[in-house]
Amino acid sequence: METEIELKLFVSPEFSSHLLRKISESKILQQSSRMLGNVYFDTPEQILRQHDIGLRIRRYDDVYVQTLKTAGRVVAGLHQRPEYNAETNSTVPDLTLHPIDAWPESVDVADIQQQLQPLFSTDFERQQWLVAMPDGSQIELAFDQGHVSANGQTTPICEVELELISGQTDALFTLARELCTEGGMRLGNLSKAARGYRLAAGYEGDDVKALTFVNVEPQDSVETVFVNTLEHALGHWHYHEQIFAECHDLAALSELKNALSLIRQAFVVFGGVIPRRASALIRQELQWLEGELQWLNEASNIVAIQAEKGSLLKKLNARKPLLQQLDARFEALPTASDMLQLLQSARYCGLLLDLSRWILSRGWQPFLDDKMRNKLADNIKLFSDSALSRSWEELQDVFPSSRELNRIDYFDQQPRLLRNLMSGMCFAELYDEGKRSYFRMPWQDLLQGIEDLHQLDVVRSLVALQDDEEDQAQIEKWLSRKEESLIHAMDQTRQMGIELTPYWP
C-alpha cells in the first residue's frame, strides 16, 4: 500500500505555455508523455462509492494496472488517500489482487466482485515531469488533457497534478505557489473519478448548503477543535467555489463568504492560544478577500427585493421604475466573469495554498511557548464555556434591554452579532441540541431583521431618483411604516434573547 499525496489544480488549455516556461526553470530528473485509458467499476448500487472507494483498471502501452483507492482526506486541493496497485492481464477487475485489510470490515468483497460493472471511463494525454526540489524532495508533475465519458456524455479534463514521490509535503505547496504566479488555475477538490460518478448519475449541479456546525467531540483538545473548525470552513468554501465555477450561482458565492467569516472568527476565538503573529499574513489576505466579496451584501438585498416580481413593492405606485433602477444597480455590480477571474487569480490561489499549508503543517507551532502548548492540549469543554461566556457578555453590552436602538444602531452591531453566532458554530455540538437551538433562535431572527432593514435601505437610496414628488412621499411613508414595524419586532426579539439562560454552564 502507498499513501498518495497530491495537489490537484484545474487549469485552462492555454495554461500549458506558462507551465512549460516554469518547468524550464526547474531541475527535471525525468520526463515522458503517454496516453492513458481508465475504466472505473462499481456495483449497480454504487457500494464502493458509498464507502469512498475507487476502483479502476488503467491501460498504457501494453500494461494494465488495477488500482484501489480507499477513503482519505481532502484539504483545499490536497488529496491524501491510501492506494493499492497491482498489475493484471485482464480488463475485468479481480478484487483478490488487493489485500483483504484494504477493505472496510462491513464490505462483503466476494459479493461486490459478483456485481461489478464498468461505470465510466477517462481518456487523456499525460505529460509528466519528475521535478527535483531545492529541499531534496521529488515531485511528479503531470499535465492531463482529455475527457471523462459516461452514458454517451463527456466532460473535459484539463488539470495539473503534483504528487509527492519523496520528501516533505511542504514541497508540493512550494511548487504550486511557483506555478500560480500568473493566475489561471484553481485548486481542485474533485478527482477524475468524482467527475465520472457525477456524469454517470446525470449530474445537473450540486445544491447550495447552509454552513453547518463544526464536528466536535467532548474528548477533543483545543488544538483539535481549532484545526477541525478551519478544515470544516475550508471544505464548505471549496464546495461552493466549485458550484459557482460551474453554475455562477450567487448563493454559492455567499456561502463561500460565510465560510470565510467562520475562518476569520476562528482566529478571534482561539486568539488567546494561537499567537496573532503566527497568522498575520493569512489574516491579512482573508481580510482582502472579504473586501472583494463585500458587494454580495447589496446583491443579496436586491435579489430579495426583486423576489416574486417585486411583491415587496406591490403597494407603491413607483414599483415599476424602482424595479428598473434595482436592475441597473445589480448590473453595475461585479459580474460572474469578474468573480471567475478572481477565483483564478494568483492572489486568491496563493491564499488557499498558504492557508492549507498552514493548517497541514501546524504553522502556529513554532510561535508557541510551553504554556500555550499546554493550553492547546487542554480539553475543549472549559475553553468553550469560557469563550461563549465572553461572547455572551459582549452581546449583553451592545444589545441591552434598557436601550432604544434605531436602524443605524442595529447596522453598527450586525458584525458583532454575526461573530457571536459564528463563535457558537465552533462548539455547538458539545451542548444539548434543544437548549442550544432555543437560545440561538432569537439572535438568528434578529440577524435576519437587520438584513431586512438593509433591504429597506436599498429602496431608500432610490427615493431621490423618482421624478414624481408624490411617489417620493409615498415611498418615504411606506419606508417609515415598514421600518417602525420591523424595529418594534426586533426590539421584542432582542428583549427575549437577553432574558434567556445560556445553554452552556
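Since this is a predicted model, take the numbers as computed values, not measurements.

### A word on the overall build of the protein
In terms of helices and strands, the protein carries 17 helices and ten strands. Seen through its principal axes, the protein has C-alpha atoms that stretch 80 × 60 × 50 Å. Counting all 505 residues of the protein, 50% fall into the buried class. Accessible area of the protein: about 24,200 Å², with a carbon and sulfur share of 47%. Computed over 50 positive and 75 negative side-chain charges, the separation of the two mean positions in the protein equals 4 Å.

### Focus on the pattern of salt bridges
Two side chains carrying opposite charge are able to pair once their charged atoms lie near each other. Counted according to the given criterion, the structure contains 30 salt bridges. Of the charged contacts in the structure, one is a salt bridge between Lys192 and Glu159, with a shortest N-O distance of 2.5 Å. Residue Lys192 is located in helix α5 (residues 192-200), and its partner Glu159 is located in strand β9 (residues 153-166); the two are separated by 33 residues in the primary sequence. Residue Lys192 shares its accessibility class with Glu159, and that shared class is buried.

### Here we look at the UniProt feature "domain: CHAD" (unreviewed entry) in the protein
In this numbering, the UniProt entry assigns the feature "domain: CHAD" (unreviewed entry) to residues 219-484. In residues 219-484, the share of helix is 76% and the share of strand is 0%. The end C-alpha atoms are 48 Å apart.

### Section: a positive patch on the surface
On the surface, Lys314, Lys315, Lys477, Arg481 and Lys482 cluster together into a patch of positive charge. Of note, Arg481 is situated in helix α17 (residues 469-499). Residue class for Arg481 comes out partly exposed when judged on its relative accessible area of 48%.

### Brief notes about the confidence of the model for the protein
Mean pLDDT for the protein: 92, with 98% of residues reaching 70 or above. Ranking the helices and strands of the protein by mean pLDDT puts helix α8 (residues 280-292) first, with 97, and strand β5 (residues 73-75) last, with 68.

### As for the packing of aromatic side chains
One pass over the full model with this rule turns up 20 aromatic pairs. When the ring of Phe383 is compared with that of Phe427, the centres are 6.3 Å apart and the planes differ by 65°; the resulting orientation is edge-to-face. A residue pair is termed long-range when its members are at least 10 positions apart, and Phe383 in helix α14 (residues 380-398) and Phe427 in helix α15 (residues 407-427) qualify at 44 residues. An aromatic cluster is present here, built from Trp392, Phe399, Tyr410, Tyr431, Phe439, Trp443, Tyr503 and Trp504 joined pairwise through their rings. Lys192 extends its terminal NZ or CZ atom over the ring of Phe124, reaching a point 4.9 Å from the ring centre. For Arg198, the ring lying beneath its charged end belongs to Tyr203, and the centroid distance is 3.7 Å.

### Observations concerning the pairing of strand β4 (residues 63-69)
Of all seven residues that make up β4, five are buried, and the element is covered over most of its length. Between strand β3 (residues 54-60) and β4, which follow one another and run antiparallel, lie two residues, and Asp61 among them has a positive phi close to 55°. When β4 meets strand β6 (residues 78-88), the two strands line up antiparallel, connected through six bridges. Paired with Thr67 across the bridge in β6 is Asn85.

### Describing a negative patch on the surface
Negative charge collects at one region of the surface, where Glu217, Glu429, Asp432 and Glu433 lie side by side. With respect to the helices, strands and loops of the structure, Asp432 is situated in the loop between α15 and α16 (433-460). Here Asp432 falls in the partly exposed class, since its relative accessible area comes to 44%.

### Notes on the packing of helix α6 (residues 222-247) against helix α7 (residues 250-269)
A packed helix pair is summarised by two numbers, namely the angle formed by the two axes and the spacing between the axes. Contact geometry of α6 with α7 gives a least axis separation of 8 Å together with a crossing angle of 165°. The angle between α6 and α7 places the two elements in the roughly antiparallel class. Taken as a pair, α6 and α7 cross one another with a handedness that is left-handed. Contact with α6, carried on its side by Phe226, Thr229, Leu230, His232, Ala233, Leu234, His236, Trp237, His240, Glu241, Ile243 and Phe244, involves Ala252, Leu253, Glu255, Leu256, Ala259, Leu260, Leu262, Ile263, Ala266 and Phe267 of α7 and no other residues of that element. Across the contact of α6 with α7, the residue classes tally to 16 nonpolar, four polar and two charged.

### A closer look at α16
With 28 residues, α16 extends 40 Å from end C-alpha to end C-alpha; this agrees with the ideal 40 Å at 1.5 Å per step. Maximum bend of α16: about 30°, positioned at Met441, with proline Pro442 one to four residues after it. Two or three places before Gly434, at the opening of α16, Asp432 has a side-chain oxygen 3.2 Å from that residue's backbone nitrogen.

Calculation rules
- Residues numbered from 1 in each chain as written.
- Predicted model: local features only at pLDDT ≥ 70, side-chain atom pairs only at ≥ 80, totals over all residues.
- Heavy atoms only, no water.
- Helix = DSSP H or I, 4+ residues; strand = E, 2+ residues; numbered from the N terminus.
- Buried < 20%, exposed > 50% of the residue type's maximum accessible area, 1.4 Å probe, protein only.
- Areas by Shrake-Rupley, 256 points an atom, 1.4 Å probe, with all protein chains shown as cover.
- Lys, Arg positive; Asp, Glu negative; His and termini not counted.
- Charge placed at Lys NZ, Arg CZ, Asp CG, Glu CD.
- Salt bridge = Lys/Arg side-chain N within 4 Å of Asp/Glu carboxyl O.
- UniProt positions renumbered as here; feature names shortened; annotations may be inferred.
- Patch = residues over 30% accessible without salt bridge, like charges linked within 9 Å, V, L, I, M, F, W, Y side chains within 5 Å.
- pLDDT = per-residue confidence, 0-100.
- Phe/Tyr/Trp six-rings, centres within 6.5 Å; stacked < 30°, edge-to-face > 60°.
- Lys NZ or Arg CZ within 6 Å of the ring centre and 35° of its normal.
- Pairing = 2+ DSSP bridges.
- Axes fitted to C-alpha atoms, helices over the stretch in contact; angles between N-to-C directions.
- Parallel < 35°, antiparallel > 145°, perpendicular 65-115°, else oblique.
- Left-handed = near helix turned anticlockwise from the far one by under 90°.
- Contact = heavy atoms within 4.5 Å.
- Nonpolar A, V, L, I, M, F, W, Y, C, P; charged D, E, K, R; others polar.
- Expected span 1.5 Å × (residues − 1).
- Bend = angle between axes of the 7 residues up to and from the residue.
- Polar contact = N/O pair within 3.5 Å; in protein donor to acceptor, adjacent residues only side chain to side chain.

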